[in-house]
Amino acid sequence: MKTMENLEKAEDYYDKFSRFYDILSPDWYYRKPREFAVRVMELEEGQNILNLPVGTGQNFEYFQQYLKGSGKIVGVDLSGGMLQKARQKINANKWNNISLFKDDATKINEDWVRDHLGEGVKFDAILCDLGLSGFPEWRNVIDNLLPLLRPGGRFVIMDWYIEQPGLRAEFIKWIGGGEVDRPLYQYLAERVEDFQLNDSFKGGDVFVAWGDKVKRL
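Residues numbered from 1 in each chain as written. Predicted model: local features only at pLDDT ≥ 70, side-chain atom pairs only at ≥ 80, totals over all residues. Heavy atoms only, no water.

### Structural notes on the overall build of the protein
Quick reminder of the rule: Secondary structure elements are taken from DSSP: a helix is a run of H or I of four residues or more, a strand is a run of E of two residues or more, and numbering for both begins at the N terminus. Remark: exposure states derive from per-residue accessible area (1.4 Å probe, protein chains only) relative to the maximum for the residue type, with buried under 20%, exposed over 50%, and partly exposed in between. In this analysis, two residues are considered to be in contact whenever any of their non-hydrogen atoms come within 4.5 Å of each other.
Secondary structure summary: the protein contains nine helices and seven strands in total. A burial count over the protein gives 50% of its 217 residues as buried. Long-range contacts, defined here as pairs at least 24 residues apart, represent 71% of the contacts in the protein between residues at least 6 apart.

Written out as structure tokens, the structure reads:
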């Protein structure tokens with residue numbers, strides 16, 4: 001019951017926040033780490049990718065630079081308000097290779113993909129940006145997402161990590177509800193091959209980490 005209440009509170013918060021998200025968390029603020037994160041996804045035309053959480057769709061234009069309208073972009077978010085903003089971007093640009101789903105990140109697993117996308121669907125790359133720092137059960141989210149990749153598929157995280165949180169961390173938590181001292185990339189490093197990290201963004205407080213699905217999984 002408590003988990004459901006927390007989800008309802010989070011959904012309500014982000015629905016309200018969605019009205020101002022692109023102002024309070026503008027694209028230009030995260031442009032360098034976002035461009036880098038999408039670049040290390042090593043996307044090619046015709047590939048399938050998952051973006052969780054998709055938010056207001058700020059990543060779409062970066063994805064399309066590589067996909068050029070091909071393949072499939074699957075975006076998932078808990079907030080209907082965020083998804084509404086994302087749909088506005090889709091409609092304005094007439095993109096037809098993007099599917100959006102409203103759901104809880106902890107529910108996204110192999111059964112979810114089969115039920116919503118079809119049997120045998122795998123992703124070439126997954127991007128979790130500015131979400132894992134706020135998700136409940138974030139370790140389980142990573143563990144559930146890794147099997148959704150094709151063998152050798154790439155998992156990318158872009159998020160905050162401040163080992164000793166201060167005023168900046170409190171502001172980030174106030175804006176987006178994130179816990180900036182979670183060992184996100186440290187956990188990922190233990191579960192992927194060829195793990196790499198760039199923690200040079202925003203004075204070292206924002207990182208991009210990536211690695212490939214272990215082929216034996």
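### Things to note about helix α6 (residues 110-117)
Heads up, the condition is: In protein, a polar contact requires one atom able to donate a hydrogen and another able to accept it; more generally it is a pair of N or O atoms within 3.5 Å, and residues adjacent in sequence count only if both atoms are side-chain atoms.
One side-chain oxygen of the residue at the start of α6 lies 3.1 Å from the amide nitrogen of D111, identifying that residue as N109. Positive backbone phi, at 120 degrees, marks G118, one or two positions downstream of α6.

### A word on helix α3 (residues 31-40)
Counting along an α-helix, one turn takes 3.6 residues, and residues three or four places apart therefore face a common direction. Listed in full, the buried residues belonging to α3 are P33, R34, F36, A37, V38 and V40. Its buried side turned inward, α3 meets α4 (60-67), β4 (123-129), β5 (149-160), β6 (192-201) and β7 (206-213). Immediately beyond the C-terminal end of α3, within one or two residues, lies E42, with a positive phi of roughly 55 degrees.

### A word on the sheet that holds β6
So the rule is basically this: In short, DSSP must find at least two bridges between two strands for them to pair. Angles here are taken between N-to-C directions and fall from 0 to 180 degrees, while the axes themselves are lines fitted to C-alpha atoms, restricted in helices to the stretch in contact.
One open sheet accounts for seven strands, arranged β3-β2-β1-β4-β5-β7-β6; its pairing is mixed. Strands with a single pairing partner mark the edges of an open sheet, and in this sheet they are β3 (98-102) and β6. Between one strand axis and the next, the sheet turns by 15 degrees as a mean value, whatever way the strands run. In this sheet, β7 lies alongside β5 in antiparallel orientation, the contact comprising seven bridges. Its bridge partner being in β7, R154 is matched across the sheet by D212.

### Some points on the packing of α3 against α4
To keep it simple, the criterion reads: With the far helix as reference, a near helix turned anticlockwise by less than a right angle produces a left-handed crossing, and one turned clockwise produces a right-handed crossing.
Taken N-terminus to C-terminus, the directions of α3 and α4 make an angle of 35 degrees; their axes are 10 Å apart at the nearest point. In the packing of α3 onto α4, the handedness of the crossing is right-handed. Residue-level inspection shows R31, R34, E35, V38 and R39 of α3 in contact with α4, the latter providing Y62, F63 and Y66.

### Brief notes about the environment of E179
One can find E179 in the loop between α8 (167-176) and α9 (184-189). Classification of E179 as partly exposed rests on a relative accessible area of 29%.

### A short note on the packing of aromatic side chains
As a reminder of what qualifies: Between rings of Phe, Tyr and Trp, where Trp is taken as its six-membered ring, a pair exists when centres lie within 6.5 Å; planes separated by under 30 degrees are stacked, by over 60 edge-to-face, and by other angles tilted.
Tallying each qualifying case throughout the model produces 10 aromatic pairs. Seen from their ring centres, Y161 and Y185 are 5.5 Å apart, and the 75 degrees between their planes marks the pair as edge-to-face. Of this pair, Y161 sits in the loop between β5 and α8 while Y185 is found in helix α9, placing the two residues 24 residues apart along the sequence. What makes Y185 buried here is its relative accessible area of 14%. Look at Y185 and F207: their rings are 5.0 Å apart centre to centre, the planes differ by 70 degrees, and that puts the pair in the edge-to-face class.

### Topic: the pattern of salt bridges
Note the cut-off: Just to be clear on terms, a salt bridge is a Lys or Arg side-chain nitrogen sitting within 4 Å of an Asp or Glu carboxyl oxygen.
Counting across every chain of the model gives 11 salt bridges. Between R191 and E190 there is a salt bridge, with its nearest N and O atoms 3.0 Å apart. For R191, a relative accessible area of 26% gives the class partly exposed. On the basis of relative accessible area, E190 is assigned to the exposed category, the value being 63%.

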